[in-house]
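Here is what each chain is made of, one letter per residue.
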Amino acid sequence: MDFFRPDNWQEALEIKAAYPGARPISGGTDMMVELNFDHDRPEAVVDLTRVPELREWGPEIGRLRIGAGVTYTRIIEELGDRLPGLAMASRTVGSPQIRNRGTVGGNLGTASPAGDGLPPLYASDAEVEVASTGGTRSIPVTEFITGPKRNLLRPDELISAFYIPQATGPQQYAKIGTRNAMVIAVCVFGLALHPEEKRVGACVGSAAPTPVRARDAETFIEGVLQEGGLWESRARIDDAALRRFGEAVEMAARPITDVRGTAAYRVHAVGVLARRTLGWAWEEYRGGGG
Ligand SMILES: Cc1cc2nc3c(=O)[nH]c(=O)nc-3n(C[C@H](O)[C@H](O)[C@H](O)COP(=O)(O)OP(=O)(O)OC[C@H]3O[C@@H](n4cnc5c(N)ncnc54)[C@H](O)[C@@H]3O)c2cc1C
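Every value quoted in this text rests on a predicted model; they were computed, and no experiment measured them.

Calculation rules
Along each chain, residues carry numbers from 1 onward, in the same order as the chain's sequence is written. In keeping with the model being predicted, local features are shown solely for residues with a pLDDT of at least 70 and side-chain atom pairs are shown and tallied solely at 80 or more, while totals for entire chains, interfaces and linings include all residues. Hydrogen atoms and water are omitted, and side-chain values are computed over all heavy atoms in the structure. By the criteria applied, helices consist of DSSP H or I runs no shorter than four residues and strands consist of E runs no shorter than two, each listed in order from the N terminus. Here, residues are in contact when the closest pair of their heavy atoms is within 4.5 Å. Definition of a polar contact: a pair of N or O atoms within 3.5 Å, with one able to donate and the other able to accept a hydrogen when the atoms are protein atoms, and with sequence-neighbouring residues admitted only if both atoms are side-chain atoms. If even one non-hydrogen atom of a residue comes within 4 Å of a molecule or strand, that residue is called near it. Surface exposure here means Shrake-Rupley accessible area, sampled with a 1.4 Å probe, where a residue is shielded only by the protein chains that are shown. Side-chain classes follow a simple rule in which Ala, Val, Leu, Ile, Met, Phe, Trp, Tyr, Cys and Pro form the nonpolar group, Asp, Glu, Lys and Arg form the charged group, and the remainder, Gly included, forms the polar group. Between any two strands, at least two bridges found by DSSP are needed for them to pair. The angle between two axes is taken between their N-to-C directions and runs from 0 to 180 degrees, where each axis is a line fitted to C-alpha atoms and a helix contributes only its stretch in contact.

Caption draft 1: Region of the structure containing the environment of Arg-41. You can see Arg-41 is positioned in the loop between helix 2 (31-36) and strand 3 (44-47). Considered as a pair, Arg-41 and Cys-203 are 162 residues apart in the sequence and their alpha carbons are 34 Å apart. The contact partners of Arg-41, leaving out residues within four places of it in the chain, are Met-1 and Leu-35. At 3.3 Å, the side chain of Arg-41 and the backbone oxygen of Leu-35 are in polar contact.

Caption draft 2: View of the site of the ligand. Contacts to the ligand come from 31 residues, most closely from Pro-24, Thr-29, Asp-30, Tyr-72 and Thr-103. Gly-28 places a main-chain nitrogen or oxygen 2.8 Å from an oxygen atom of the ligand. Measuring from an oxygen atom of the ligand, one finds a side-chain N or O atom of Thr-29 at 2.6 Å. Here the ligand, which alone exposes 990 Å², has 88% of that area covered by the protein. Going through the elements one at a time, strand 2 (23-25), helix 2, helix 6 (104-110) and strand 10 (158-164) are the ones with two or more residues in the shell around the ligand. In terms of residues, the shell around the ligand owes the most to one element, helix 6, which gives four residues. For the shell around the ligand, the per-class residue count stands at 14 nonpolar, 13 polar and four charged.

Caption draft 3: Representation of the environment of Leu-191 in the model. Structurally, Leu-191 can be placed in strand 12 (residues 187-194). Note: C-alpha distance between Leu-191 and Ala-202 (eleven residues apart in sequence) is 4.6 Å. When neighbours within four sequence positions are excluded, Leu-191 is seen to be in contact with Ala-123, Gln-171, Gln-172, Val-200, Gly-201, Ala-202, Phe-245, Thr-277, Leu-278 and Ala-281.

Caption draft 4: Fine view of the sheet that holds strand 3. On the basis of which strands lie adjacent, the open sheet formed by three strands has the order 1-3-2 and parallel pairing. The sheet terminates laterally at strand 1 (2-4) and strand 2, the two strands that pair on one side only. Across this sheet, the average inter-strand angle for adjacent strands is 25°, counted without regard to direction. Note: strand 1 against strand 3, three bridges, orientation parallel. Bridge assignment links Asp-2 to a residue of strand 3, and that residue is Ala-44.

Caption draft 5: Quick peek at the sheet that holds strand 6 (residues 127-132). Read across the open sheet, the five strands follow the order 4-5-10-6-7; overall the sheet is antiparallel. One side of each edge strand has no neighbouring strand; the edge strands of this open sheet are strand 4 (57-60) and strand 7 (135-140). If you compare each strand with its neighbour and ignore which way they point, the axes differ by 25° on average. Pairing of strand 6 with strand 7 involves six bridges; the strand directions are antiparallel. The residue bridging Ser-132 from the neighbouring strand is Gly-135, located in strand 7. Where helix 1 (residues 9-18) meets the sheet, it contacts strand 6 and strand 10, and its direction lies at approximately 125° from that of strand 10.

Structure follows, in structure tokens:
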């Protein structure tokens, strides 16, 4: 197997153009498992860890642009205040060792329905930036991931970064696993309140072939908040509305039964997570004053 180790982004793109079958490797926390178990024998591997451009993040035209090689540990430490939902999700990934190596770029590359980095991206309408020697394109994350372990990346392309707005309101992330750490999610729920636009982003993970936005639940709760003037008054959301929000989220789930949980359990659990996380996020919003 050929092994390439580019020192910069242009070189990485040129290698990918010349060897479209070459597999990129970032933290290697998914890739090495595949190689070690012989699930994959790519003709070549491109190690991206020396590409400085992939490790950068910063503001860009009203959003944050975060390089595909920024690790979970750095998201927690450097971006926790700007992206609380993604930081919460990052804290649930693996162990400190996995968070030190693993990247959101790798999570997007693997495109697992259980990827913890993904629901916060969905809930905030993130876009994935991909590039080849021919140019760059930006794709909404909801379109980028097309199925379990499938995405829109072409053979000559690499993921360069993702764009996500800085939080303007409370965000939440909740995960159910069979134990507290080092666990693939049974199901998860990510929530983002966007008070400036009076919008709510809600995403179910590990309960369908891809993460899914709970659009009907979003519309329902946006209506409750808007019609009741709750964004302005910061009054409580009543229990019946929280329950109906949870039920609408349940409707968005299309889970399977597997070793980690039954489909019925997952549907029930995402409803509970949705109700709870909305309650927590709204309490935080109410406490925000102003
Ligand atoms: C013990 C253990 C625990 C784990 N726990 C969790 C968990 O709790 N939650 C969770 O979501 N995941 C978990 N994972 C899976 C893994 O850590 C994550 O999916 C992580 O985000 C992968 O990032 P990486 O940088 O290591 O990717 P890599 O393994 O380097 O790559 C993953 C995939 O993305 C592709 N890729 C990487 N970078 C790019 C790029 N720039 N452009 C195009 N394609 C690219 C690779 O070719 C590969 O297909 C765990 C893994 C292990 C081994």
